[in-house]
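Residue strings, one per chain:
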Amino acid sequence: MDLLFEVNCHCCGKNEYTTLFLKDGFEVAECNHCSLVFVPKILGDDHYTETYASETYASVVAKLGFESHEYRKERFGKERVAKIAEYLNIQRPEFLDVGCST
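Residues numbered from 1 in each chain as written. Predicted model: local features only at pLDDT ≥ 70, side-chain atom pairs only at ≥ 80, totals over all residues. Heavy atoms only, no water.

### A short note on a nonpolar patch on the surface
Convention followed: By definition, no residue in a patch forms a salt bridge, and every one has over 30% relative accessible area; like charges are joined within 9 Å, nonpolar side chains (Val, Leu, Ile, Met, Phe, Trp, Tyr) within 5 Å. Accessible surface area values rest on a Shrake-Rupley calculation with a 1.4 Å probe, where residue burial reflects the displayed protein chains alone. Should a side-chain nitrogen of Lys or Arg be within 4 Å of a carboxyl oxygen of Asp or Glu, the pair is scored as a salt bridge. Each helix is a run of DSSP H or I of at least 4 residues and each strand a run of E of at least 2, with the numbering of both proceeding from the N terminus.
A surface patch of nonpolar side chains, amounting to about 410 Å² of accessible area, comprises Val81, Ile84, Leu88, Ile90 and Phe95. Here Ile90 shows up in the segment after helix H2 (55–85).

As structure tokens, then:
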């Protein structure tokens, strides 16, 4: 809890919310003003900077990333592009995936 700090609603900026549930130790809440569902207590930038700069994190990500790259590309990449392409009227669809990590 010492690593967490409170943030206001990302949509309306208010700080009144109702906790909906806990997930992995974090509150998931609904803003009482605009109904945005968000995490009101988050880890600070220092925590992430330290974590992502560590050799442990780099080795775990490298291992997971390299070992599962082909599987993920086949299983998720091609499958999802094919599914989306069913609804498009073009031969070779192109996508920009703005995602998180691997």
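### A few points about the nonpolar core
Convention followed: To form a nonpolar core, buried Ala, Val, Leu, Ile, Met, Phe, Trp, Tyr and Cys residues must be joined to one another through side-chain atoms within 4.5 Å. Only protein chains enter the calculation, and the probe is 1.4 Å; a residue is then buried if its accessible area is under 20% of its type maximum, exposed if over 50%, and partly exposed in between. By definition, residues are in contact when any of their heavy atoms lie within 4.5 Å.
Judged by nonpolar contacts, Cys9, Tyr17, Ala29, Cys31 and Phe38 together constitute the single largest core of 5 residues. Excluding residues that lie within four positions of it along the chain, Tyr17 makes contacts with Glu6, Glu27, Ala29, Glu30, Cys31, Asn32, Phe38, Pro40 and Lys41.

### So, the pattern of salt bridges
Here the structure, examined in full by the defined rule, presents 3 salt bridges. Note that Lys23 is salt-bridged to Asp24, the shortest N-O span being 3.4 Å. Overall, Lys23 belongs to the partly exposed group, its relative accessible area being 48%. Between Glu86 and Lys83 there is a salt bridge, with the nearest N and O atoms lying 3.8 Å from each other.

### Some words on the pairing of strand E2 (residues 17–23)
Note the following rule: For two strands to pair, DSSP has to find at least two bridges joining them.
In this sheet, strand E3 (residues 26–31) lies alongside E2 in antiparallel orientation, the contact comprising 6 bridges. Within E3, the residue paired with Lys23 across the bridge is Phe26. Linkage of E2 to E3, two consecutive antiparallel strands, is achieved through a turn of 2 residues, within which Asp24 is found at a positive phi near 55 degrees.

### Section: the environment of Lys14
Tracing the backbone shows Lys14 in the loop between strand E1 (4–6) and E2. Distance from Lys14 to Arg92, taken between C-alpha atoms, is 45 Å for residues 78 residues apart in sequence. Not counting chain neighbours up to four residues away, the residues in contact with Lys14 comprise Asn8, Cys9 and His33.

### As for the packing of aromatic side chains
Convention followed: Note on ring pairs: Phe, Tyr and Trp rings are taken, using the six-membered ring of Trp, and paired if centres are within 6.5 Å. Classes follow the plane angle, with under 30 degrees stacked, over 60 edge-to-face and the rest tilted.
Counted according to the given criterion, the structure contains 2 aromatic pairs. Ring geometry for Tyr17 against Phe38: centres 6.0 Å apart, planes inclined by 80 degrees, an arrangement best described as edge-to-face. Of the two residues, Tyr17 sits in strand E2 while Phe38 sits in strand E4 (residues 37–38), which places them 21 residues apart along the sequence. Classification of Phe38 by relative accessible area gives buried; the value is 5%. Their ring planes at 55 degrees and their centres at 4.8 Å tell us that Tyr52 and Tyr57 sit as a pair that is tilted. Taking relative accessible area as the criterion, Tyr52 reaches 48% and is therefore assigned partly exposed.

In short, geometric facts, not functional conclusions.
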